[in-house]
Each structure stands twice: as C-alpha cells, then as structure tokens.
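Structural overview for review
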Amino acid sequence: MAEAYIVGAVRSPVGRKKGGLSAVHPTDLAAHVLRALIDRTGVDPAAVDDVIMGCVMQFGPQSMDIARNAWLSAGLPESVAGVTIDRQCGSSQQAVHFAAQGVLSGTQDLVVASGVESMSIVPLASAVTVALEKGMPFPLGEKWVERYGTQEISQFRGAELMCEKWGFSRAELEEYAYESHRRAARAIAEGRFADQIEPLAGVVHDEGPRPETTPAKMAELKTLREEGKITAATASQISDGAGALLIASEAAVAEHGLTPRARIVTLSLVGDDPVYMLTAPIPATRKALRKAGLSIDDIDVVEINEAFSPVPMAWLRELGADPAKVNPNGGALALGHPLGATGAILMTKLLHELERTGGRYGLQTMCEGGGQANVTVIERL
C-alpha cells in the first residue's frame, strides 16, 4: 500500500493585526516559509511536483494565484507550478489533504502543502465590501434563500448558537480562553515553538498571547453581539502568518535521502449544518477515527482550531477527549488565526509536539465556512 510521509514542516511566527508582520507583502510572507522548507529539507526544489497553497481572501495582494507567485518570489525553479485553494479556514489543511492524495495516488512524489493569510493587508470583509458596492447580495444568492431563508448566516451567530445548544456560560467560555493564553505563554517561555518557526521581519515569537490576561479582565469586555456571550477574548485573533509542509512518497524518500517524520494515517472531510457552521469537527472526527480504526483515547495530541471558545469546548464534550491532550500549547484564542495559513500552522505544531513528547498519533481538525470540517490523523515515525 502506498504511503504519504511528512518530511518537513515550518511556519512563520503568527503576527497580530497591525503587528510585526503587517507590512510584509503576503507573497513575500508565503515565499519566506517556502524557501525555509526547501532549505530545511535539503530537497532539490526542481523535483517538487506541485505547490498547493491555502488562502481565503484571494483578493488584491493575495489574488492572481499567490501559490505560484510566492514560489517564484522565493527564487525557486520556474518549472514548478502552484495552485491556490479555498476551503475557508481549513484551506491549508485541505492543501495537506490534496498533497497526500496526489502522493497516495501514485501520480506525484513530492508536493508542497502550504498556506498564507495577511489579515492586516487584506481584511476579512474585503470581497463582501466590493460585492455590496456593486449592489449584489454576498455571498448567498436567490437559490440559497429558497433553501435556507433570509436568516443571518455568520460565524458569529454560529458561535452563539453553539453556546445555546451546549449550554455554555460566558464565564466558562472565558475560562477556556484564559487557559489557552496560559498554555501558549508557557510554550513560548519554554521554547517549544523555536524549532518550527522561521523568524521574519524581526518577529521571533507568536505575538498573540497575553500572559497578563485574567478571566476578570475578560469579563470586562463587551460582547460582540447584543445579549450574546462571545467577546473578543473568546473569538480567535485576527492575524498574519504562513506555513508549509513537504509531503513525499516512499520513492521520493529513497531517491532524495529524506527522513520521514510522520505518515498520513487517514483523511476525513464532512459537511454539517451551514447555519450552525462551526459544528462539523464533531462528526468529521468520528468519521476519521472509524476510518483509522482508532479511538479518541489512542490519540496523543489534538490540534483543533479555536475559532471561538465553544468550538473546542463542544468537541471535547462530544468526543470525551482528555483536555490535557487538546491544544496543549494553546490555540487560536491566544496564538491567532491567519485564516488560510492556520491549517498548515496547526499541522506543523502537531508534528513538533508529537516529536517533543514522543507521542504516536496526532489528530488535527477545524471548523470551516459553509459548515465543513477536515480531519487529518498522522502517526509520528
């Protein structure tokens, strides 16, 4: 049976909105991690079959197939093509899936899976603003309305709906967020991210964590919606960042003298309620564990994107996972969520944490726009 191996994984630090990476052009931000990936693995870049890059806001400086432009900006061979994909927040996790599938199919041997997002330069609402200026409904048209009506469809409403469904109090949401900051601050202080980060523009560490925060300080914040529970503290941070992984076949490992660090065990993808939007990691995880023949207790490290506090909290309740294994070094509430880059960044964190702790199996999942979720299970080698 064919195998797909992760042989390299690197990321930029994650910058705060208007922080240390905010002046870096998105193409240069992506080029930085692509160059680092090639340098760290020592592979001949001309042997790469494709560069797959996740990016959500493919608009302005992030348009025109940023995958191809970033590869060229990194000074890498013109003979290698690139493609940019959008599965919303899971875009670069999907890039890992497409890369692994290319290798598992036998049609490719070396594929770069990557992601980038500069939310400081290309705001989340850019395309929405343009559509509204042209008098067009965005993003949902008449046929959507026929099926789902005119109710609000947004991640913010979805997060509030999750709070109602699972009965989470505001205090519980903020306790979870506080723990995320605590874990992230500890990870940075202990140098847990040092090997996986390629510094850029003078930024060495992730800028998001606030070691000084407390639940009491969080309780002073206004909610994002009137009579809601979600605040800026319990929503993922707007961020800038990039990440890249190299996926290789057995033949490529032998030919290029590469060292497999993990193998892809299984890939899962599901759709769920698009109104709730953020719940799909729950059924996607169950599907992936069934496919892999594993239980949640077999998983040593979990990275689930903290889009909002209720997302991992509901996942934990439904899956019965050990909280100590889930986002052990903090998540997006503290470390930030540069949309199209987050999937690659989480996989890089997952691999390095398995290597640090000696764990065997790792699981990554995240909620995505439209009510979708990817799950990737890897085995450390």
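Cut-offs and rules
Residues numbered from 1 in each chain as written. Predicted model: local features only at pLDDT ≥ 70, side-chain atom pairs only at ≥ 80, totals over all residues. Heavy atoms only, no water. Helix = DSSP H or I, 4+ residues; strand = E, 2+ residues; numbered from the N terminus. Buried < 20%, exposed > 50% of the residue type's maximum accessible area, 1.4 Å probe, protein only. Contact = heavy atoms within 4.5 Å. Areas by Shrake-Rupley, 256 points an atom, 1.4 Å probe, with all protein chains shown as cover. Expected span 1.5 Å × (residues − 1). Phe/Tyr/Trp six-rings, centres within 6.5 Å; stacked < 30°, edge-to-face > 60°. Disulfide = S-S within 2.5 Å. Core = buried A, V, L, I, M, F, W, Y, C linked by side-chain atoms within 4.5 Å. Axes fitted to C-alpha atoms, helices over the stretch in contact; angles between N-to-C directions. Parallel < 35°, antiparallel > 145°, perpendicular 65-115°, else oblique. Left-handed = near helix turned anticlockwise from the far one by under 90°. Nonpolar A, V, L, I, M, F, W, Y, C, P; charged D, E, K, R; others polar. Pairing = 2+ DSSP bridges. Right-handed = clockwise from strand over helix to strand, strands pointing away. Salt bridge = Lys/Arg side-chain N within 4 Å of Asp/Glu carboxyl O.

So, about the overall build of the chain. If you tally the helices and strands in the chain, you get 13 helices and 10 strands. When each of the 381 residues of the chain is scored for burial, the buried share is 57%. Long-range contacts, defined here as pairs at least 24 residues apart, represent 82% of the contacts in the chain between residues at least 6 apart. Element-wise, carbon and sulfur atoms account for 51% of the exposed surface of the chain, whose accessible area totals about 14900 Å².

Our focus in this paragraph is helix H3 (residues 91–104). Under the 1.5 Å per step criterion, the end-to-end length of H3 is 20 Å for 14 residues, consistent within 8% with the ideal 20 Å. Counting buried residues in H3 gives 11 out of 14 residues, a clear majority hidden from the surface. Among all positions of H3, only Ser91, Ser92, Gln93, Gln94, Ala95, Val96, His97, Ala99, Ala100, Gly102 and Val103 are buried. The first or second residue beyond H3 is Gly106, which carries a positive phi of 85°.

Let us look at the packing of aromatic side chains. Any pair of aromatic rings gets described here by the distance separating the centres and the angle formed by the planes. Evaluation of the coordinates by the stated rule reveals 2 aromatic pairs. Taking 4.5 Å as the distance between ring centres and 35° as the angle between the ring planes, the aromatic pair formed by Trp144 and Tyr148 counts as tilted. Of this pair, Trp144 and Tyr148 both sit in helix H5 (residues 142–148), 4 residues apart, which is roughly one turn of that helix. With a centroid separation of 5.7 Å and an interplanar angle of 80°, the aromatic rings of Phe156 and Phe308 are classed as edge-to-face. One end of the pair, Phe156, is in helix H6 (residues 155–166); the other, Phe308, is in the loop between strand E8 (301–304) and helix H11 (310–319), with 152 residues separating them in the sequence.

Moving on: the state of the cysteines. By the definition in use, this model includes 0 disulfides. Looking at the unpaired Cys89, the closest cysteine sulfur is the one in Cys367, lying at 6.2 Å. Residue classification places Cys89 among the buried residues on the basis of a relative accessible area of 15%.

Turning our eyes to something else, we now look at the nonpolar core. When a protein is soluble and globular, its nonpolar side chains tend to lie buried together. Ranked by internal contacts, the top residues of the largest apolar core, which has 42 residues, are Leu278, Ile299, Phe308, Val311, Trp315, Leu363 and Val377. Filtering out sequence-adjacent residues up to four positions away, Leu363 remains in contact with Thr285, Leu289, Ile299, Val301, Val302, Glu303, Trp315, Leu350, Val375, Thr376 and Val377. Residues Val51, Ala74, Leu76 and Leu110 belong to the second largest nonpolar core, which totals 37 residues.

Taken N-terminus to C-terminus, the directions of helix H1 (residues 26–41) and helix H2 (residues 66–73) make an angle of 60°; their axes are 8 Å apart at the nearest point. What the angle tells us is that H1 and H2 run oblique. The hand of the H1/H2 crossing is right-handed. Residues Pro26, Thr27, Asp28, Ala30, Ala31, Leu34 and Ile38 of H1 form the contact with H2, whose participating residues are Ile66, Asn69, Ala70, Trp71 and Ser73. Looking at the contact of H1 with H2 residue by residue, the classes come out as 8 nonpolar, 3 polar and 1 charged.

Moving on: unusual backbone geometry. Positive phi is not limited to glycine here, since Asp65 has a value of about 60°. Here Asp65 is to be found in the loop between strand E3 (50–54) and H2. Residue classification places Asp65 among the partly exposed positions, given a relative accessible area of 30%. Even without being a glycine, Asn327 presents a positive backbone phi close to 50°.

The next subject is the packing of helix H10 (residues 281–292) against H11. Closest axis-to-axis distance for the H10/H11 pair is 9 Å, and the angle between their directions is 45°. If you check the angle between H10 and H11, you find them oblique. Remark: the crossing between H10 and H11 carries right-handed chirality. Here Pro281, Ile282, Thr285, Arg286 and Leu289 of H10 lie close against H11, whose contacting residues are Ala314, Trp315, Glu318 and Leu319. Of the residues that constitute the contact of H10 with H11, the class distribution is 6 nonpolar, 1 polar and 2 charged.

Another aspect to go through is the pairing of strand E4 (residues 82–85). With 4 bridges connecting them, E3 and E4 associate as parallel partners. What sits directly across from Ile52, in E4, is Val83. As a crossover connection, the stretch from E3 through H2 into E4 is right-handed.

In this section: the pattern of salt bridges. Evaluation of the coordinates by the stated rule reveals 16 salt bridges. Taking the shortest distance from any N to any O, the salt bridge between Glu318 and Arg286 comes out at 3.3 Å. Highlighted residues: Glu318 in helix H11 and Arg286 in helix H10, separated in sequence by 32 residues. For Glu318, a relative accessible area of 33% gives the class partly exposed. Two residues, Glu379 and Arg360, come together in a salt bridge whose shortest N-O distance is 2.7 Å. On the criterion of sequence distance, the pair formed by Glu379 in strand E10 (residues 372–380) and Arg360 in the loop between helix H13 (342–357) and strand E9 (361–368) is long-range, its members being 19 residues apart. Judged by its relative accessible area of 10%, Glu379 falls in the buried class. Residues joined by salt bridges that share partners form a network here, namely Glu3, Arg263, Arg360 and Glu379.

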